[in-house]
Amino acid sequence: MRQLVRKLIPVACRVWLRRVYWDVQDYCERKLGLRDYLTPPQSLIDRITQGDYKAVGREFAKHFIELGGLQPHHKVLDVGSGLGRMAAPLTSYLKPPGEYWGLEITKDFVAWCKESISPRHVHFQFLHCDIYNASYNPLGKEQASSFIFPFENETFDFIILSSVFTHLLAPDMKNYLSQISRVLKPGGTAFITYFILNEESVRLQTGATSKFHFKYPTEGGMYAFEGKPEAAIAFSESNVRTWALEAGLELVEPIHYGNWCGRDRFVSVQDIVIYRKVQSD
Ligand SMILES: C[S@@+](CC[C@H](N)C(=O)[O-])C[C@H]1O[C@@H](n2cnc3c(N)ncnc32)[C@H](O)[C@@H]1O
């Protein structure tokens with residue numbers, strides 16, 4: 001049936017029908033009060049994930065606490081905060097003087113977070129920065145490779161990048177690592193997800209259970225979709241280690257490998273890396 005629908009209805013038409021469907025659903029949910037204030041409309045969620053928005057948020061809040069050592073009084077920066085998927089579960093965990101800052105390049109996402117989350121949780125703030133990304137903000141005016149995070153040195157205890165370095169090119173990622181290091185307090189933590197290429201993932205990723213196959217070369221790694229490096233990009237494990245160290249971030253062993261390549265023992269979908277900012281004597 002699905003295949004028949006695919007054959008009969010052209011792609012553009014299917015995208016349009018899907019949008020109409022989500023718009024009607026959003027309207028009904030709003031009118032009937034069926035959606036809680038921390039859940040965005042499906043038409044927006046659809047632009048960042050096909051997965052279960054709430055379940056992923058809950059999963060990651062647990063990882064931040066159990067793997068990363070996040071504490072309620074921490075000052076948190078979420079780079080590429082999207083639609084508040086990580087912010088939402090943290091609203092019941094972070095307590096003042098703890099606070100949360102989301103930095104995001106997609107205007108609609110920031111608008112939703114500002115309107116829905118900040119008024120009820122005033123220690124949660126969201127900033128829009130007009131940075132270019134071919135997949136998320138193709139008209140962006142600033143370059144990620146030279147962008148300076150709008151925060152003072154040594155401001156944050158904990159910095160999150162979930163599913164962000166999986167969409168950034170090497171020069172962007174290197175600049176972000178140095179900005180992360182600059183705005184982290186000494187001893188502070190960066191919790192970052194990647195697609196990491198190493199001997200095991202490169203072997204597994206050609207198998208039937210792999211979700212991605214990174215086969216097009218780019219600086220420091222490979223990308224998955226022809227002509228669209230920022231749609232999904234993977235970096236070699238040696239770069240994930242050395243570029244961070246060059247920026248002053250020490251990797252906290254072990255790396256928590258994911259199942260994106262079809263691993264049967266894993267923590268999440270993407271690989272999770274925790275870094276600690278090196279403390280100067
Ligand atoms: C797959 S989404 C993940 C969103 C969020 N971190 C989450 O896990 O729900 C990737 C996000 O990164 C953002 N992004 C892409 N390039 C960025 C950049 N250079 N700086 C900050 N955010 C960026 C996108 O706009 C998008 O919201």
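Note: the structure precedes this text.
Before going into details, it helps to say that this report is about the structure given with it.

So, how was this worked out
- Residues numbered from 1 in each chain as written.
- Predicted model: local features only at pLDDT ≥ 70, side-chain atom pairs only at ≥ 80, totals over all residues.
- Helix = DSSP H or I, 4+ residues; strand = E, 2+ residues; numbered from the N terminus.
- Rg over C-alpha atoms; globule rule 2.2 N^0.38 Å.
- Buried ≥ 20, exposed ≤ 12 C-beta atoms within 10 Å, placed from the backbone.
- Contact = placed C-beta atoms within 7 Å.
- Expected span 1.5 Å × (residues − 1).
- Near = placed C-beta within 6 Å.
- Nonpolar A, V, L, I, M, F, W, Y, C, P; charged D, E, K, R; others polar.
- Pairing = 2+ DSSP bridges.
- Axes fitted to C-alpha atoms, helices over the stretch in contact; angles between N-to-C directions.
- Right-handed = clockwise from strand over helix to strand, strands pointing away.

**Section: the overall build of the protein**
- Secondary structure summary: the protein contains nine helices and eleven strands in total.
- Since a compact globule built from 281 residues should have a radius of gyration of about 19 Å, the 19 Å found for the protein is in line with a globular shape.
- Seen through its C-alpha atoms, the protein measures out along the principal axes to roughly 65 × 45 × 40 Å.
- Put simply, the protein has 281 residues, and 36% of those count as buried.
- Considering only residue pairs separated by 6 or more positions, the protein has 66% of its internal contacts joining residues 24 or more positions apart.

**A closer look at helix H7 (residues 170–183)**
- Between its terminal C-alpha atoms H7 stretches 20 Å, which fits the 20 Å expected from 14 residues at 1.5 Å a residue.
- Elements in contact with the buried residues of H7: strand S1 (75–79), strand S4 (156–161), strand S5 (184–194), helix H9 (237–246), strand S10 (249–256) and strand S11 (271–277).

**Quick notes on the site of the ligand**
- Around the ligand sit 21 residues, and of these Gly-80, Gly-82, Arg-85, Tyr-136 and Ala-144 come closest.
- Residue composition of the shell around the ligand, by class: ten nonpolar, eight polar and three charged.

**Re the sheet that holds strand S2 (residues 99–104)**
- Taken together, seven strands build an open sheet; the order of strands is S3-S2-S1-S4-S5-S11-S10 and the sheet is mixed. Pairing within the sheet leaves two strands with one partner each, and these edge strands are strand S3 (124–128) and S10. The sheet shows a mean angle of 20° between the axes of neighbouring strands, taken without regard to direction.
- In the sheet, S5 pairs with S11 via six bridges, with the strands oriented antiparallel.

**Some remarks on helix H2 (residues 11–32)**
- Along its 22 residues, H2 runs 32 Å from first to last C-alpha, staying within 8% of the 32 Å computed at 1.5 Å per residue.
- Within H2, only zero of the 22 residues are buried, which leaves it mostly out in the open.
- Looking one or two residues beyond H2, the residue adopting positive phi is Gly-33, at roughly 65°.

**Quick word on unusual backbone geometry**
- In this chain, Pro-96 is followed by Pro-97 through a cis amide linkage whose omega measures 10°.
- For Pro-97, the location among the structural elements is in the loop between helix H5 (87–90) and S2.
- Put simply, Glu-253 and Pro-254 share a cis peptide bond, and its omega is -5°.
- With respect to the helices and strands, the residue Pro-254 is situated in strand S10.
- Notably, Glu-154 is not glycine yet its phi reads approximately 55°, a positive angle.
- Of note, Glu-154 is situated in the loop between S3 and S4.
- With 14 C-beta atoms packed within 10 Å, Glu-154 lands in the partly exposed category.

**Considering the sheet that holds strand S8 (residues 221–223)**
- Strand order in the open sheet formed by four strands is S6-S9-S8-S7, with mixed pairing between adjacent strands. Each of the sheet's edge strands pairs with one partner strand only, and the pair in question is strand S6 (196–197) and strand S7 (216–218).
- Two strands pair when backbone bridges link them, and S8 and strand S9 (residues 233–236) are joined in this way by three bridges, in the antiparallel orientation. Within S9, the residue paired with Gly-221 across the bridge is Phe-235.
- Contacts from H9 reach S6, S8 and S9 within the one sheet, and its direction differs from that of S9 by about 75°.

**Some details on the pairing of S2**
- For S2, the buried fraction is high: five of the six residues fall into the buried class.
- Direction of pairing for S1 relative to S2: parallel, over a ladder of five bridges. Each residue of the ladder has a partner; that of Lys-75, found in S2, is Glu-99.
- Note: S2 against S3, five bridges, orientation parallel. Bridge assignment links Gly-102 to a residue of S3, and that residue is Phe-126.
- For the crossover from S2 across helix H6 (residues 107–116) to S3, the handedness is right-handed.

**Comments concerning the pairing of S9**
- With two bridges connecting them, S6 and S9 associate as parallel partners. Residue pairing across strands places Ile-196 opposite Phe-235, the latter belonging to S9.

**Some points on the environment of Pro-138**
- Structurally, Pro-138 is set in the loop between S3 and S4.
- Residues Pro-138 and Tyr-100 lie 38 residues apart in sequence; the distance between their C-alpha atoms is 27 Å.

Limitation: the analysis is restricted to geometry and does not speak to function.
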